Amino acid sequence: MKTNPGIIVDALRAAGEPTRLRILALLRHGELAVGELVAVLGQSQPRLSHHLKTLTAAGLTERLPEGAWVFYRLPAKGWPNTLLEGLFDQIDLSQCDFPADSARLDSVREARRSAADDFFSSIAQDWDRLRSMHYPEDLIEAAILKIAGPGPFQRVVDLGTGTGRMLALFGDRAKDVEGLDLSHQMLQLARAKLAESGIGHARLRQGDATATPFESSSADVVIVHQVLHYLEDADRVLAEASRILVPGGQLIIVDFAQHDHEFMREDFGHRRLGIRDDNMKSWADRAGLILDSPVRFEPPKQLEKGIAVQIWPATKPSDHKEVAA
Ligand SMILES: C[S@@+](CC[C@H](N)C(=O)[O-])C[C@H]1O[C@@H](n2cnc3c(N)ncnc32)[C@H](O)[C@@H]1O
């Protein structure tokens, strides 16, 4: 579908200013907070906020508030994406301010990474302890990829993405990968880790997995990895996943199987002691999803307090009819 010429004129006007073009060039490396753009471009915050407002009004950037921070990113699809790709195809980025901006961006990202590392070291011990209680993670991840199939996928959405591990896992199989998490600190960590692994097209958003900002029927794969045991209203995550999935799309839930380690509530803040199969079945039924048999990974035999992990694959039927809210 073609776009109204007035809209394109506004977009070209917005992009046709040196600082705004530098902002667009920087955002091609991934989303950035206003403070980070201030650090790279060396201009005042009010001035940059004004430029960002112009770019957003013209449809060339998207504004994503995250707690006290606001992130900006380039649209992943539609005419703005095509227009910007065409534009940057023609620009020699080894000239003018672009190389220096790019070098300053590297140091801003390095600072982001070290702040994220500090946060991670405060939780890493708990995570290591948990990890040692179950089947090796890399083998579970291989099973997830096998269940999902080779792709390529259009869009993979990871609800409760944490450090973005699932986005990295699916990064080279999907055109678009997007993660959602409640925690700003987790998202900062994910940003650092994804940049490190070169998954430049991954996108992140702050939000609640029980009421996401994502469009209906927009993803061919949704993943919920080690999240449901924290939630009272886990059924709402399945309902939301079903809404986001295209008909025929697949949901992959990975979590602890039902267990009786009461200490995990106290030590790790788990709300549920794993997920019961009958609960999962009734949540899937209510969400209009077809649940497959779970794949189970027993804990290493020598562990006294081991814990089994399960993958519950589910599909949204191809003839699924959306029910109006
Ligand atoms: C144990 S971590 C798992 C992270 C990631 N899925 C993985 O397996 O590596 C659980 C994550 O769920 C997030 N979380 C908890 N409740 C959430 C909710 N209602 N909506 C979105 N994220 C949530 C937490 O912030 C945390 O990052």
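1. Describing unusual backbone geometry
Cis geometry marks the peptide bond from Gly 151 to Pro 152; its omega dihedral reads 0°. Counting through the fold element by element, Pro 152 comes out in the loop between α7 (137-148) and β4 (153-159). In this structure, Ser 217 is a non-glycine residue whose phi angle is positive, near 45°. Its place among the elements puts Ser 217 in the loop between β6 (202-206) and β7 (219-225). Look at Gln 226: it is not a glycine, yet its phi comes out positive at around 55°. Counting through the fold element by element, Gln 226 comes out in the loop between β7 and α10 (234-244).

2. Considering the packing of aromatic side chains
Taken as a whole and assessed by the stated rule, the structure comprises three aromatic pairs. Taking the centre distance of 5.9 Å and the plane angle of 25° together, the rings of Trp 69 and Phe 71 count as stacked. Given the relative accessible area of 35%, Trp 69 is considered partly exposed. Taking relative accessible area as the criterion, Phe 71 reaches 1% and is therefore assigned buried.

3. A look at the packing of helix α2 (residues 18-27) against helix α4 (residues 45-57)
Here α2 crosses α4 at 75°, and the two axes come no closer than 10 Å. One element, α2, and the other, α4, form an angle in the roughly perpendicular class. Facing Thr 19, Arg 20, Ile 23 and Leu 24 of α2, the residues of α4 in contact are Leu 48, His 51, Leu 52, Thr 54 and Leu 55. Partitioned by chemical class, the residues of the contact of α2 with α4 number five nonpolar, three polar and one charged.

4. With respect to the site of the ligand
What surrounds the ligand is a group of 15 residues, the closest being Gly 160, Asp 181, Asp 208, Ala 209 and His 225. Gly 160 places a polar main-chain atom, nitrogen or oxygen, 2.7 Å from a nitrogen atom of the ligand. His 225 is positioned with one of its side-chain polar atoms (N or O) 2.4 Å from an oxygen atom of the ligand. Compared with its free state, where it exposes 600 Å², the ligand has 88% of that area covered by protein. Here the shell around the ligand is composed, by residue class, of six nonpolar, seven polar and two charged.

5. A word on the domain arrangement of the protein chain
Bring the parts together and some accessible area is lost; that lost area is often taken as the interface size. As assigned here, the protein chain comprises domain 1 (5-106) and domain 2 (132-315). Between the C-alpha centres of domain 1 and domain 2 there is a distance of 32 Å. Facing the 13 residues of domain 1 at the interface are ten residues of domain 2. Counting the surface lost from both domain 1 and domain 2, the interface buries some 980 Å², and carbon and sulfur atoms represent 35% of this. In terms of surface lost to domain 2, no three residues of domain 1 exceed Glu 31, Glu 66 and Arg 73, which account for 50% of the buried area on that side. Remark: the boundary between domain 1 and domain 2 carries four salt bridges. One salt bridge connects Lys 77 with Glu 215, and the closest N-O pair in it is separated by 3.6 Å. Taken together, the connections running from domain 1 to domain 2 amount to four residue pairs in polar contact (both at pLDDT 80 or more). Breaking the side of domain 1 that touches domain 2 down by element, the ones donating at least two residues are β2 (62-66) and β3 (69-73). Here the element with the most residues in the side of domain 1 that touches domain 2 is β2; it accounts for four residues. In terms of residue class, the side of domain 1 that touches domain 2 is built from seven nonpolar, one polar and five charged.

What counts and what doesn't
- Residues numbered from 1 in each chain as written.
- Predicted model: local features only at pLDDT ≥ 70, side-chain atom pairs only at ≥ 80, totals over all residues.
- Heavy atoms only, no water.
- Helix = DSSP H or I, 4+ residues; strand = E, 2+ residues; numbered from the N terminus.
- Phe/Tyr/Trp six-rings, centres within 6.5 Å; stacked < 30°, edge-to-face > 60°.
- Buried < 20%, exposed > 50% of the residue type's maximum accessible area, 1.4 Å probe, protein only.
- Axes fitted to C-alpha atoms, helices over the stretch in contact; angles between N-to-C directions.
- Parallel < 35°, antiparallel > 145°, perpendicular 65-115°, else oblique.
- Contact = heavy atoms within 4.5 Å.
- Nonpolar A, V, L, I, M, F, W, Y, C, P; charged D, E, K, R; others polar.
- Near = heavy atom within 4 Å.
- Polar contact = N/O pair within 3.5 Å; in protein donor to acceptor, adjacent residues only side chain to side chain.
- Areas by Shrake-Rupley, 256 points an atom, 1.4 Å probe, with all protein chains shown as cover.
- Domains from an automatic or database assignment.
- Buried area = accessible area lost by both parts, 1.4 Å probe.
- Salt bridge = Lys/Arg side-chain N within 4 Å of Asp/Glu carboxyl O.

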